[in-house]
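Report on the structure
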Amino acid sequence: MRQFRNTPIRQSWKKREFDLEPLVVSRTQTKVHDENLLILADNLKAMKYLLLNGFKEKIDLVYIDPPFYSGASYYHRASKRTDLAFKDTWSNQVNLYMNMIYPRLSLIRSLLSREGSIFVHLDWHASHYVKIAMDEIFGIENFRNEIIVKRGRKKNLLYQFEKVDRMHTANDIILWYSKYPSTKFCKPLVPADLKSKWMSFWSNTNRPTMRYSIFGSAPQRGQWKWSKERANKAIQNYELYAKKYEMNYPLEEYWEKQGRILEFIRKRSTVKYPEYWIPPKTRKIIDNLWLDIESYNYSTGFSTEKHNALLERIIGLFSIPNSIVSDLFCGSGTALVAAEKMGRRWIGCDSSEVALSVVKERLGKTRYDFVTL
Ligand SMILES: C[S@@+](CC[C@H](N)C(=O)[O-])C[C@H]1O[C@@H](n2cnc3c(N)ncnc32)[C@H](O)[C@@H]1O
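Okay, so let's go over this structure. (Residues numbered from 1 in each chain as written. Predicted model: local features only at pLDDT ≥ 70, side-chain atom pairs only at ≥ 80, totals over all residues. Heavy atoms only, no water.)

Considerations on the environment of Val62
Keep this limit in mind: Counting from the N terminus, the helices are the DSSP runs of H or I reaching at least four residues and the strands are the DSSP runs of E reaching at least two. Throughout, exposure labels follow a simple rule: accessible area from a 1.4 Å probe, protein chains only, divided by the maximum for the residue type, with under 20% read as buried, over 50% as exposed, and the rest as partly exposed.
Tracing the chain through its elements places Val62 in strand S2 (residues 59-64). Val62 gets classed as buried once you look at its relative accessible area, which sits at 1%. Here the alpha-carbon distance between Val62 and Arg109, two residues 47 residues apart in the chain, equals 9.5 Å.

Considering the site of the ligand
Threshold: By convention in these notes, a residue is near a molecule or strand provided one of its non-hydrogen atoms lies within 4 Å of it. Residues adjacent in sequence count toward polar contacts only when both atoms are side-chain atoms; beyond that, a polar contact is any pair of N or O atoms within 3.5 Å, and within protein one must be able to donate a hydrogen and the other to accept it. The Shrake-Rupley method, run with a 1.4 Å probe sphere, supplies the accessible areas, and residue values consider only the shown protein chains as cover.
The ligand sits among 21 residues. The nearest are Asp65, Lys306, Ser332, Thr334 and Asp350. Asp65 places a polar side-chain atom, nitrogen or oxygen, 2.7 Å from a nitrogen atom of the ligand. Side-chain polar atom of Thr334 to an oxygen atom of the ligand: 2.6 Å apart, as the coordinates give it. In isolation the ligand has 600 Å² of accessible area, and contact with the protein removes 95% of it.

Quick word on helix H3 (residues 94-111)
Note the threshold: One fewer than the residue count of a helix, multiplied by 1.5 Å, yields its expected span.
Over its 18 residues, H3 extends 26 Å from the first C-alpha to the last, a length consistent with the 26 Å expected when each residue adds 1.5 Å. Taking burial as the measure, the 18 residues of H3 include 15 buried ones, the bulk of the element.

Thoughts on the sheet that holds strand S9 (residues 197-200)
Condition: In this scheme, strands are said to pair when DSSP sees at least two bridges between them.
Across the sheet, which stays open at both edges, the three strands sit in the order S9-S13-S12 with antiparallel pairing between neighbours. Each edge of the open sheet is held by one strand with a lone partner, namely S9 and strand S12 (265-266). Relative to strand S13 (residues 275-278), S12 runs antiparallel, the two being bridged by two bridges. Bridge pairing in S13 links Ile265 to Tyr276.

Some thoughts on the sheet that holds strand S7 (residues 171-178)
Hydrogen bonding along the main chain pairs the strands of a sheet, whether they run parallel or antiparallel. Strand order in this open sheet of nine strands is S15-S6-S7-S5-S2-S16-S17-S1-S18, and the pairing throughout is mixed. With one partner strand each, in any of the chains shown, strand S15 (289-290) and strand S18 (368-372) form the two edges of the open sheet. Sheet topology note: the strand S6 (residues 143-150)/S15 ladder contains two bridges and is parallel. What sits directly across from Val149, in S15, is Trp290.

Section: the packing of helix H2 (residues 43-52) against H3
Counted only if it meets this: Here an axis means a line fitted to C-alpha atoms, over the contact stretch when the element is a helix, while the angle between two N-to-C directions is reported on a 0 to 180 degree scale. Any angle that falls under 35 degrees is termed roughly parallel, while one over 145 is termed roughly antiparallel, one within 65 to 115 roughly perpendicular, and all others oblique. Handedness of each helix crossing follows the sense of rotation of the near helix against the far helix: counterclockwise by less than a right angle gives left-handed, clockwise gives right-handed. Contacts are residue-level and defined by heavy atoms, with any inter-residue pair within 4.5 Å sufficient.
One can describe the packing of H2 onto H3 by two numbers: an axis separation of 10 Å at closest approach and a directional angle of 20 degrees. As summarised for this structure, H2 and H3 are arranged roughly parallel, according to the angle between their axes. Note on packing geometry: the crossing formed by H2 with H3 is left-handed. Contact with H2, carried on its side by Asn43, Leu44, Met47, Lys48, Leu50 and Leu51, involves Pro103, Arg104, Leu107, Ile108, Ser110 and Leu111 of H3 and no other residues of that element.

Next comes the structure, spelled out in structure tokens:
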């Protein structure tokens, strides 16, 4: 069997000790934080501080966008200067990276509320290792989705070459885990502009009890989509519309006037099966492919800045107003800005002073406690 080059990867994470022992805090370090909180510190220290200051099982949504194990350094480019913001260099040793991320994910689990969940933004470099670690830490049963988001604006540079050794990577990955498997979320609805349409009322799922007769015939296989009672009512609705109102209004206008509740089924002689009407929709349920929004932004000069649209979607869909949202690798603070805008409480942390200076500027007059550890 093939061996990992820097074996044993998984065992080395497990041997890692990261208990709370060294964290003996003085009275002056215990503080009640009612405000939002911005911490300048290594987040391992920050999380221990949070655990000792009343945040155990209190955070409802954690989004982190840690270093990706990319091997690069990242900068903040302002008009007159360029500052090193952070390094994502690990001497090509994924063990070192995993030994950084594993204990941090474990402490995040202790901070998460019972209904809480965590979103970890990564890319192809290490998402597969981190997923295995998260399966261990959060439990496979708490895995929710791998969300595919757009990578930055980088051009596909492959056009310039005669031959290539791989395809351009156009996506990042967000791993979503909950704390407990029983947690349920509201349906993930986003704005949409979907026109009304007619669809076949027959489906090939085989349910003999749903093969009743309408328009004088019943299907031999498959099924009708709705119960007999509901279908008959929808047929009557359409017959009434066709007889009395079709001359005056298009169906959609009639449906609006009737309070947007009526359902319709029709049978056209040219089409084999009856059809049911799907009303126009202003919202749609999304799946795990989030290619409709940007995930990177370039508004602050912080080179790994994520897009507000991405953070507003995560926070808006998977947390509720006044709950506590945290980003412990907050960089330029996109998650904190989105949380503030959406009426959530927030806790941010970063070990880079360069990053936090960008956060402070973005937050402007927003109220928060600032702690340096
Ligand atoms: C990819 S950036 C986050 C970008 C952020 N999502 C944004 O929208 O700007 C990762 C951040 O993690 C911070 N970081 C890395 N290791 C850390 C640690 N151990 N503790 C706290 N912050 C850390 C870096 O300083 C960097 O700002």
